[in-house]
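Structural description and commentary
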Amino acid sequence: MATLPPLIWRAASSASATISLSSRGLPLPRGRRTRSAFAARARGSIGGRVHDGPLPSAAAAFFNNDDDDGAHSYVRLSDAYERRVGEGALLFDPRQMRAARKLTRLQAALGGYDHSSFLEGLERWEESEKKKQERKEELHRWGGDEMDEQKQSPEVEEAPPLASISVPRGFYIHGEVGTGKSLLLDSFHDHACTLAPGKKRRIHFHSFLQDIHRRVHDLNKALLRRHGRSFHVDVSRERNPIVRVAEQISQEVTLLCIDEFQVTDVADAMILSQFFGELWRRGVVVVATSNRPPRDLYEGGLNRGYFLPFLDLLEKYCVVHRLGDDRREGRGDEPGGGATDYRRIRLGVDAHGSDKECGEYYHLTGKGDGRHALERLDELFRSFRKCSEPPTDGLPLRLRVHFNRTISIRQYHSDVIARFTFDELCTAELGSSDYHAIANHFHIVIIEMIPQLTLKHPDRARRFITLIDELYEAGTPLACSAAEVPDRLFLGKSSRDDGCGNRSHDEGAEAAGNMHAVDVAQVQGTAVGELASVKELSFAFDRAASRLLEMCSETWWEEKGAAQPNENNG
């Protein structure tokens, strides 16, 4: 079969400068869950945050409107960022502003991108190629050749060239924790407009993978019902569930925003490589955030060579941007020191003279005050009992998760609050779908007896970090008791900058490199520190510590409308 005609993939130029802006009604980016959002959370598949408001229906609404009435204008991301800084909602960061300006150019390109026409042209071309292939096979069976084919069907024309439609390049932003990657992604998703209203989605990577696996599972069941079992391998596109899922999603979205992109598993690595190849082939624009640059994804992974073509595609179809100190990239065009964690600044953890090391709802058990921590959590759990209607004492809850599975919750009050031990959540064989169900069912979560985590037990550490990611994504207020403060809870963290450009390494990380993984890769003698999943853990430790600080803070609880009830009133 002939190859697909070459496509033109390019970002928008300075056309965004002609976009008219409304001086009224700037929609600020949505925060994560608020009090009013507790009762109605985003559930389901890959569409977590679908814009459902009025959007312009043609490119002229973006580029040809010079009126000041705001009827067809929209807000540029860079202007939205400047306004939030002016209102005092954000601290100005030149690195964030530079990323916002690049995303603004992508925002303008999306306004004039006709994805539906692109898909129609692609489908016509594919249908034409399919018919040509069928004729070739028929002629071959009858002993003909290509000259006979050309004589018999001169009326068949080639499909229109797809190079006539410019597809914007996506955006891949990476950097250290707390630097504003998710903030920029959320703001871009909120302010980006597509020609077809609502064809944009924002989703966390864990939920994204869950949705792909669910769709593949459903397609495989449908194929089995239709064709039955076969002892022959069918490699056609029509029978490839990953390609079919990519086709489904390309019909549903033009813009796909993915937060916390990461690859730690060989099966996921193979799926993602094929899935995104088809997604980009079908003109979907992808914007993603990650803690790792593209070439470090799945570093040290099993059979990583099969994953490398995906990295080439990622760098082809996405602009790669680092949010942080550019001197590490060898460019030297950005003054200042290392990356700034704005969560820590906001909570005053790194303020001069401050001895604050954890949030108000984070209680230590490792210094002989375990009884005090237990009493505080008992008091917190009892205080929300009056919010439970009807009372749920002694009745375990069977919470449904994907693939007709359920998990049992023993301690909870209605959908208001649930209480778990660390072992219940992270020693048991649970995964992201289980944590997603918990985070999206309960308003508040309590986790008790969190130990120090090391690379000696990577499965427990990995589950805990996944749990924190899901709770953070859902905006869940968290209370917990732990053996150490968040910054010292994880042994074997990634190297950190001391502010002078020097990198220091945790002793646990060095020790881990001399151990062997309890993993299938152990038969090949692969050390823990060399496995992709464990390497990713060492970077994820910093992210989890930063999020623990924020989620257990009084500020976070107040923003989510989860202030502790006054027991004197109930």
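This one's a predicted model, so the numbers in the text were calculated from it and none came from an experiment.

**So, the environment of F381**
- With respect to the secondary-structure elements, F381 resides in helix α12 (residues 370-383).
- With relative accessibility at 10%, the residue F381 sits in the buried group.
- Counting along the chain gives 30 residues from F381 to Q411, while the straight-line C-alpha distance between them is 9.3 Å.
- Sequence-distant contacts of F381, defined by excluding residues within four places in its chain, comprise Q411, Y412, H413, I417, R419 and I446.

**Considerations on the sheet that holds strand β10 (residues 417-421)**
- One open sheet holds the 5 strands; their spatial order is β6-β12-β11-β10-β9, and the pairing between them is mixed. At either end of the open sheet lies a strand with only one pairing partner, and these are β6 (362-364) and β9 (411-413). Adjacent strand axes in the sheet meet at a mean angle of 10° when their direction is disregarded.
- Of the pairings in the sheet, the one linking β9 to β10 comprises 3 bridges and is antiparallel in character. Counted as the bridge partner of Q411 is R419 from β10.
- Along the sheet, α12 contacts β6, β9, β10, β11 (444-450) and β12 (478-482); its crossing angle with β10, the most-contacted strand, is approximately 155°.

**What about the sheet that holds strand β3 (residues 255-259)?**
- With respect to topology, 5 strands assemble into an open sheet ordered β2-β3-β4-β1-β5, the strand pairing being parallel. With one partner strand each, in any of the chains shown, β2 (200-204) and β5 (318-323) form the two edges of the open sheet. If you compare each strand with its neighbour and ignore which way they point, the axes differ by 10° on average.
- With 4 bridges connecting them, β3 and strand β4 (residues 285-290) associate as parallel partners. Within β4, the position partnered with L256 by the bridge is V286.
- Helix α10 (residues 308-317) rests against β1 (170-175) and β5 of the sheet, and its axis sits at about 90° to β5.

**Quick look at the packing of helix α8 (residues 241-252) against helix α9 (residues 266-281)**
- As a packed pair, α8 and α9 sit with axes 9 Å apart at the nearest point and diverge in direction by 45°. Taken together, the axis directions place α8 and α9 in an arrangement best described as oblique. Both α8 and α9 take part in a crossing whose hand is right-handed. Seen from α8, the contacting residues are I242, V243, V245, A246, E247, I249 and S250; seen from α9, they are I271, Q274, F275, E278 and L279.
- Broken down by class, the residue content of the contact of α8 with α9 amounts to 8 nonpolar, 2 polar and 2 charged.

**Considerations on unusual backbone geometry**
- Positive phi values are uncommon outside glycine, yet S414 reaches one of about 55°.
- Take S414: it is sitting in the loop between β9 and β10.
- One non-glycine residue, M449, lies in the positive phi region at around 55°.
- Structurally, the position occupied by M449 is in strand β11.
- Given a relative accessible area of 54%, M449 falls into the exposed group.

**Thoughts on the pattern of salt bridges**
- One pass over the full model with this rule turns up 29 salt bridges.
- The shortest N-O distance in the salt bridge between R281 and E126 comes to 2.7 Å. With R281 in helix α9 and E126 in helix α4 (residues 115-141), this residue pair connects regions lying 155 residues apart in the sequence.
- As a salt-bridge pair, R202 and D259 come within 3.1 Å of each other at their nearest N and O atoms. Taken together, the residues R202 in strand β2 and D259 in strand β3 connect sequence positions 57 residues apart. Residue R202 shares its accessibility class with D259, and that shared class is buried.
- A network of salt bridges, in which partner residues are shared, links R201, D211, R214, R215, D218 and E252.

**A look at the packing of helix α14 (residues 432-439) against helix α15 (residues 458-473)**
- Contact geometry of α14 with α15 gives a least axis separation of 9 Å together with a crossing angle of 35°. Of the two possible hands of crossing, α14 and α15 adopt the one that is right-handed. Together, S432, Y435, H436 and A439 of α14 and R463, T466, L467, E470 and L471 of α15 make up the contact between the two elements.

**Concerning a negative patch on the surface**
- A cluster of like negative charges, contributed by E127, E134, E137 and E138, occupies part of the molecular surface.
- Note that E134 resides in helix α4.
- Overall, the relative accessible area of 43% leaves E134 in the partly exposed class.

**Describing the confidence of the model for the chain**
- Mean pLDDT over the chain: 75, with 68% of residues reaching 70 or higher.
- Across residues 327-337 the pLDDT falls below 50, and counting only partners more than four positions away or on other chains, this stretch makes 26 contacts in the model.

**Let's talk about the nonpolar core**
- Counting residues in hydrophobic clusters, the biggest one holds 61 residues, and the most contacted among them are I409, F464 and F490.
- It is helix α18 (residues 532-551) that provides the largest number of residues to this core, a total of 8 residues.
- The next biggest cluster of nonpolar side chains, apart from the first, holds 35 residues, and it includes F205, L209, V286 and F310.

**Points about the environment of A439**
- Within the fold, A439 resides in helix α14.
- Residue A439 is classed as buried on the basis of its relative accessible area of 0%.
- Distance in space between the C-alpha atoms of A439 and P477 is 9.8 Å, their sequence separation being 38 residues.

**Looking at helix α6 (residues 181-191)**
- Counting buried positions over the 11 residues of α6 gives 10, a clear majority of the element.
- Buried within α6 we find K181, S182, L184, L185, D186, S187, F188, H189, D190 and H191.

**A short note on the packing of aromatic side chains**
- Counted by the stated rule, this structure contains 20 aromatic pairs.
- Between the aromatic rings of F275 and F276, the centroid separation amounts to 5.3 Å while the plane-to-plane angle is 85°, which identifies the pairing as edge-to-face. Here F275 and F276 have matching classes, each one buried.
- Positioned above the aromatic ring of W556, the side-chain terminus of K560 is 4.4 Å from the ring centre.

Criteria and cut-off values
Residues numbered from 1 in each chain as written. Predicted model: local features only at pLDDT ≥ 70, side-chain atom pairs only at ≥ 80, totals over all residues. Heavy atoms only, no water. Helix = DSSP H or I, 4+ residues; strand = E, 2+ residues; numbered from the N terminus. Buried < 20%, exposed > 50% of the residue type's maximum accessible area, 1.4 Å probe, protein only. Contact = heavy atoms within 4.5 Å. Pairing = 2+ DSSP bridges. Axes fitted to C-alpha atoms, helices over the stretch in contact; angles between N-to-C directions. Parallel < 35°, antiparallel > 145°, perpendicular 65-115°, else oblique. Left-handed = near helix turned anticlockwise from the far one by under 90°. Nonpolar A, V, L, I, M, F, W, Y, C, P; charged D, E, K, R; others polar. Salt bridge = Lys/Arg side-chain N within 4 Å of Asp/Glu carboxyl O. Patch = residues over 30% accessible without salt bridge, like charges linked within 9 Å, V, L, I, M, F, W, Y side chains within 5 Å. Areas by Shrake-Rupley, 256 points an atom, 1.4 Å probe, with all protein chains shown as cover. Lys, Arg positive; Asp, Glu negative; His and termini not counted. Charge placed at Lys NZ, Arg CZ, Asp CG, Glu CD. pLDDT = per-residue confidence, 0-100. Core = buried A, V, L, I, M, F, W, Y, C linked by side-chain atoms within 4.5 Å. Phe/Tyr/Trp six-rings, centres within 6.5 Å; stacked < 30°, edge-to-face > 60°. Lys NZ or Arg CZ within 6 Å of the ring centre and 35° of its normal.

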